[in-house]
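# Structural overview
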Amino acid sequence: MTDELRFVDLTEDQLAEVVGIRSRSFGLISAARREQWLAEAREFVTDGRYFGVLAGERVVAAARIWDFDQWWAGRPVRMAGVAGVVVAPEFRGRGVGSLLMRGVLERSKAYGFPISVLYPATVVIYRHLGYEFAGGRYKFSFPAADLRALGGKEVPLRPGRPEDAELLLELVAGVRGPGRESGLLRWPVAKVREWLEDDDNFVYVGEDGFTAYTWDGSDLRVDELVAGSEATARALWATVGSGSSIAKNVFAYVSPEDPIHYLLQHEADPATTYQRWMLRLLDVPAAIAGRGYNPALTIDTELEIDDVELPANSGRWRLKISDGSGELIPATGTTPAPRLSARGLAALYAGTSLATLRAAGLATGDDERLDAAFAGSAPYMLDYF
C-alpha cells in the first residue's frame, strides 16, 4: 500500500474494478443489474464525469457526478449530484476518500457547477469538506381507498407518452417556480423521455399537472405528482388510488407541506421514511445569483465567509437582494458582520437560521436580514441518486 495515490478521470477499461469495489461497499449485484450499471457508468465516463483514485495502476476509490438542476426558491441552479462514492475496504481510513472528494469538488467547480449535493453514507468526511445538511427526502404512506375518494372525475386525464418529456418539465416549472420551492431536481429532457419509455412507470397527464407512479411490491408508489389546481390534484391522486382493490397502500415522495396532507380526511401513516441530503456551495457568487428570493425583500448587507477547501469563496462579501434576485460582490467594509464557515453558509442557503448556526459553532454574529433573505419552505427532494 505504498504506491502513490493520485486522482484521475476513469476510463471504460477501469469500470470492472469499480464494480468490484462497489460490491464490497454496497453488496453484491445480479448479472443483469451489473450490465445495467455498466451501461450507465459508460455514459459518465464518456461525459468526463466519473473519477477515481489510483494506487499505482489499481483503482481504489471512485465517484461520479450527475449534471442536474436543483430548484432553489423557485429558480433552478445547476448542481453537481455526487453519487456512487466507494473506497476499497483496505484503503479506508487512509485519506483516500478525502483525496477523492477534493478532486470531485475541484472538478465540479471547474465544470461550472455553483453547488453540489449528495446523500451521505457517512457524515464526517463530507462535513470536513464543507457539506452540511440542507433538506430531506420524505416517503409517506396513505390508504389507497382515501385517495380514491378524492374525486376529480370532471378533470380529463390521458396516459403520458415519451414525447411528453418537455411538457412534464414545463408543468413542473409552472408549479414549483411560482411556489418558490427548494430542493427538487430537474432532470435532462433525454432522461425524462427514457423514463417515459419504461413500461413499468405509469404516467397520467392533465392540463395543469401530471402524476408518475409504479408498483412497490403489492402496493403503489408515487414518484412525482404535480398539480396547478385543487381539481387536478384530486383527479391525479384519485387515479392512483383507483387501484385500492389490489393495493391497500400508496407510498408517495412528497413534501411535508404538500397539499395532499390537507386534502385527505386522515393523516399519513406516522412511520414516515426520511433521508437527509447535504449541500455544498462551490461558487458562492454564482450560487447566490442563481437562486430565487422573496420578491418583496430589499436587502443590502455584508457577511464574511471562511472556506478552507475552496478559498476563492473566502473573504468579505456584500449581499444585495431586490425584485427576487440576489447578487454577491466583494466588499471592503470594516464594521462587524456575521462570519460563516463553508458548512454554515450551505445551511444558511437552505434556510437554517443564524441562531441555530451560532449554537452549532458554524457562524458568529447576527443579522436578521440574512435570515429573511434565505427563509422559505423547507427544502425537500423526490429523487435518490
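Okay, so let's go over this structure. (Residues numbered from 1 in each chain as written. Predicted model: local features only at pLDDT ≥ 70, side-chain atom pairs only at ≥ 80, totals over all residues. Heavy atoms only, no water.)

### Notes on the overall build of the protein
Secondary structure assignment for the protein yields 13 helices and 18 strands. In terms of C-alpha radius of gyration, the protein reaches 22 Å, essentially the compact-globule figure of 21 Å for 385 residues. A principal-axis box enclosing the C-alpha atoms of the protein has dimensions of 60 × 55 × 35 Å. Look at the contacts in the protein between residues 6 or more apart in sequence, and 72% of them connect residues 24 or more apart. With an accessible surface of roughly 17300 Å², the protein has 50% of that area assigned to carbon and sulfur atoms. Seen as two clouds, the 41 positive and the 53 negative side-chain charges of the protein have centres 3 Å apart. (Helix = DSSP H or I, 4+ residues; strand = E, 2+ residues; numbered from the N terminus. Rg over C-alpha atoms; globule rule 2.2 N^0.38 Å. Contact = heavy atoms within 4.5 Å. Areas by Shrake-Rupley, 256 points an atom, 1.4 Å probe, with all protein chains shown as cover. Lys, Arg positive; Asp, Glu negative; His and termini not counted. Charge placed at Lys NZ, Arg CZ, Asp CG, Glu CD.)

### Some points on the environment of Tyr-380
Counting through the fold element by element, Tyr-380 comes out in the segment after helix H13 (368-374). For Tyr-380, a relative accessible area of 4% corresponds to the buried category. With 104 residues separating them along the chain, Tyr-380 and Arg-276 place their C-alpha atoms 8.9 Å apart. Residues in contact with Tyr-380, not counting those within four places in the same chain, are Gly-136, Tyr-138, Arg-176, Glu-181, Ser-182, Gly-183, Leu-184, Val-254, Ser-255 and Trp-277. (Buried < 20%, exposed > 50% of the residue type's maximum accessible area, 1.4 Å probe, protein only.)

### As for the sheet that holds strand E17 (residues 339-341)
In space, the five strands of this open sheet follow the order E16-E15-E14-E17-E18, with mixed pairing throughout. Two strands lie at the open edges of the sheet, namely strand E16 (325-330) and strand E18 (363-364), each paired on one side alone. Across three bridges, strand E14 (residues 299-306) lies against E17 in parallel orientation. Each residue of the ladder has a partner; that of Glu-304, found in E17, is Arg-339. Sitting on the sheet, helix H11 (residues 342-349) is in contact with E14 and E17, with an inclination near 100° to E17. (Pairing = 2+ DSSP bridges. Axes fitted to C-alpha atoms, helices over the stretch in contact; angles between N-to-C directions.)

### So, the environment of Gly-84
Secondary-structure assignment places Gly-84 in strand E4 (residues 75-87). Separated by 43 residues in sequence, Gly-84 and Ala-41 place their C-alpha atoms 10.0 Å apart.

### Overview of the pairing of strand E12 (residues 249-253)
Taken together, the five bridges between strand E6 (residues 132-143) and E12 define a ladder with antiparallel strand orientation. Of the residues in E12, the one forming a bridge with Ser-141 is Phe-251. Looking at chain direction, strand E11 (residues 219-227) and E12 are connected through three bridges and run parallel. By the bridge assignment, Leu-220 is partnered in E12 with Val-250. Since E11 and E12 lie parallel, the crossover through helix H8 (residues 230-241) that links them has a hand, and here it is right-handed. (Right-handed = clockwise from strand over helix to strand, strands pointing away.)

### Considerations on the packing of aromatic side chains
Following the criterion strictly, the structure yields 21 aromatic pairs and no others. Ring centres 5.6 Å apart and planes at 65° place the aromatic pair Tyr-119 and Phe-385 in the edge-to-face group. Here Tyr-119, found in the loop between strand E5 (115-118) and helix H4 (124-128), pairs with Phe-385, found in the segment after H13; they are 266 residues apart in sequence, far enough to count as distant. In this structure Tyr-119 comes out as buried when scored by relative accessible area, which is 11%. Relative accessible area serves as the criterion here: at 12%, Phe-385 is assigned to the buried category. Three or more aromatic residues joined by ring pairs make a cluster, and in this case those are Trp-37, Phe-44, Tyr-50, Trp-66, Phe-68, Tyr-119, Trp-187, Tyr-384 and Phe-385. Directly above the aromatic system of Phe-251 lies the positively charged group of Lys-139, at a separation of 4.9 Å from the ring centroid. Above the plane of the ring of Tyr-349 lies Arg-291, whose end atom (NZ or CZ) is 4.9 Å from the centre. (Phe/Tyr/Trp six-rings, centres within 6.5 Å; stacked < 30°, edge-to-face > 60°. Lys NZ or Arg CZ within 6 Å of the ring centre and 35° of its normal.)

### Regarding helix H2 (residues 31-46)
The end-to-end C-alpha distance of H2 is 23 Å, a good match for the 22 Å that 16 residues give at a rise of 1.5 Å each. Restricting attention to buried positions, one finds in H2 the residues Trp-37, Leu-38, Ala-41, Phe-44 and Val-45. Across the axial projection of H2, the buried residues extend over an arc of 115°, all falling on one side. Across H2 from its buried face, at more than 90 degrees, point the exposed residues Ala-32, Gln-36 and Thr-46. (Expected span 1.5 Å × (residues − 1). Arc of directions from axis to C-beta.)

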